[in-house]
Amino acid sequence: MTPDTADTPHPPDAPDTPDTPDTADATKTVETVETDAGTARITWHRARRRARLVLAVSHGAGGGIEARDLKALAAALPAHGVTVALVEQPWRVAGKKVAPAPKTLDTGWRGIWPALVKPGLPVISGGRSAGARVACRTATELGAHAVLALSFPLHPPGRPEKSRAAELLGAGVPTLVVQGGNDPFGRPGEFPEGAYELVEVPHGDHGFAVPKRADLTAEEAVAVVTDAVVSWTAALG
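These numbers were taken from a predicted model, which means no experiment stands behind them.

K.L.:
Would you take a moment to explain the side chain of Glu-167 for this structure?
P.N.:
On the secondary structure map, Glu-167 appears in helix H5 (residues 165-169). Judged by its relative accessible area of 17%, Glu-167 is buried. For Glu-167, the side chain forms a polar contact with the side chain of Arg-137, separated by 3.3 Å. Sequence-distant contacts of Glu-167, defined by excluding residues within four places in its chain, comprise Arg-133, Cys-136, Arg-137 and Phe-152.

Now the structure itself:
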């Protein structure tokens, strides 16, 4: 695997810590899905009132759905009429430590999609890091309602000439990017103009972690993510 096919090196997507509690057990179910790339897994966090959207989000190449921003979204969005589906790609379910090439990630996402649309609701295709790239690349093809790109890896660290901007700009649907202000894979100021919204997490790195000297806490940094997504999804209908 080369730097062009994965987001290497792989920093942790976010600390796998119990900063954010899971949603109520009654709203949480787990489903396995067979895809051409192997067995995937969806952890559903159902809306606590009438659902109007499904937000499907996948992990990056360096972590799983335990990333604190993904856990925070699963905890926050169901109270706002959004069912959250945390998706584990087949390579992760199989226990592999290294993500496959983008083509295989796209194959896995396509295979998961029928289960995501089964509830009959508009689906926001989302992910963090490598998962955000997958969401952008496949959004139009799959008929996604919108795209949520968390920590979009605009380029490998220190290699701005290896831009992935075309993937983001080619999503073709309403897109929200949430980016750490100090993300080595692309700081907010490096992003090109385009038909998408961008929210900055001040001082945040690729996993939205902030230094102790920052003027906001780790919890406040995650709240920037969830607040932005709650507002954005409300505007989507």
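K.L.:
Sorry if this is basic, but what is going on with the nonpolar core here?
P.N.:
One recurring pattern in soluble globular proteins is that nonpolar side chains are buried together. Counting 37 residues, the largest nonpolar core has Ile-42, Trp-109, Leu-116 and Phe-152 as the members making the most contacts within it. Of the residues forming this core, the biggest block, 7 residues, is contributed by helix H4 (residues 130-142). When residues no more than four places from it in sequence are discounted, the contact partners of Phe-152 are Ala-132, Arg-133, Cys-136, Arg-164, Glu-167, Leu-168, Val-177, Gln-179, Phe-185 and Phe-191. Counting residues in hydrophobic clusters, the runner-up holds 28 residues, among them Leu-53, Val-82, Val-178 and Val-210.

K.L.:
Would you explain the sheet that holds strand E6 (residues 146-150) in this entry?
P.N.:
Picture the strands of a sheet paired through backbone hydrogen bonds; they go either parallel or antiparallel. With respect to topology, 8 strands assemble into an open sheet ordered E1-E2-E4-E3-E5-E6-E7-E8, the strand pairing being mixed. Sheet topology places strand E1 (28-35) and strand E8 (197-201) at the edges, where each strand pairs with a single neighbour. Each strand of the sheet is rotated relative to its neighbour by a mean of 20°, with strand direction disregarded. Relative to E1, helix H3 (residues 102-117) is tilted by about 135°, and along the sheet it contacts E1, strand E2 (38-45), strand E3 (53-58), strand E4 (82-88) and strand E5 (123-128).

K.L.:
Any chance you could explain unusual backbone geometry here in plain terms?
P.N.:
The general pattern is negative phi for most residues beyond glycine and trans for most peptide bonds. In the Ramachandran plot, His-203 falls in the positive-phi region, its phi being about 70° despite a non-glycine side chain. Its relative accessible area of 36% is what places His-203 among the partly exposed residues. At Phe-208, a position not held by glycine, the phi torsion is positive, near 65°. Looking at where Phe-208 falls in the secondary structure, it is placed in the loop between E8 and helix H6 (218-236). Residue classification places Phe-208 among the buried positions, given a relative accessible area of 1%.

K.L.:
Please clarify how the packing of aromatic side chains should be interpreted in this entry.
P.N.:
Here a ring pair, both rings aromatic, is described through the centre-centre distance and the interplanar angle of the planes. Using the criterion set out here, one finds 2 aromatic pairs in the structure. Summarising the aromatic geometry, the rings of Trp-109 and Trp-113 are spaced 6.4 Å apart at their centres and angled 55° between planes, so their arrangement reads as tilted. A residue pair is termed a helical-turn pair when its members lie 3 or 4 positions apart in one helix, as Trp-109 and Trp-113 do in helix H3 at 4 residues. Accessibility classification places Trp-109 together with Trp-113 in one group, the buried group. With centroids separated by 6.4 Å and ring planes inclined at 65°, the aromatic side chains of Phe-152 and Phe-191 adopt a geometry described as edge-to-face. Linking Phe-152 in the loop between E6 and H5 with Phe-191 in the loop between strand E7 (175-180) and E8, this pair joins segments that are 39 residues apart in sequence. Given the relative accessible area of 0%, Phe-152 is considered buried.

K.L.:
Which parts of the structure should I look at to understand the packing of helix H1 (residues 68-76) against H6?
P.N.:
The description of two packed helices rests on the angle between their axes and on the distance between the axes. Remark: H1 packs on H6, axes separated minimally by 10 Å, with the N-to-C direction vectors making an angle of 55°. The angle between H1 and H6 places the two elements in the oblique class. Here H1 and H6 pass one another in a crossing that is right-handed. Contact with H1, carried on its side by Arg-68, Asp-69, Ala-72, Leu-73 and Ala-76, involves Ala-218, Val-222, Val-225, Thr-226 and Val-229 of H6 and no other residues of that element. Of the residues contributing to the contact of H1 with H6, the split by class is 7 nonpolar, 1 polar and 2 charged.

How each quantity is defined
Residues numbered from 1 in each chain as written. Predicted model: local features only at pLDDT ≥ 70, side-chain atom pairs only at ≥ 80, totals over all residues. Heavy atoms only, no water. Helix = DSSP H or I, 4+ residues; strand = E, 2+ residues; numbered from the N terminus. Buried < 20%, exposed > 50% of the residue type's maximum accessible area, 1.4 Å probe, protein only. Polar contact = N/O pair within 3.5 Å; in protein donor to acceptor, adjacent residues only side chain to side chain. Contact = heavy atoms within 4.5 Å. Core = buried A, V, L, I, M, F, W, Y, C linked by side-chain atoms within 4.5 Å. Pairing = 2+ DSSP bridges. Axes fitted to C-alpha atoms, helices over the stretch in contact; angles between N-to-C directions. Phe/Tyr/Trp six-rings, centres within 6.5 Å; stacked < 30°, edge-to-face > 60°. Parallel < 35°, antiparallel > 145°, perpendicular 65-115°, else oblique. Left-handed = near helix turned anticlockwise from the far one by under 90°. Nonpolar A, V, L, I, M, F, W, Y, C, P; charged D, E, K, R; others polar.

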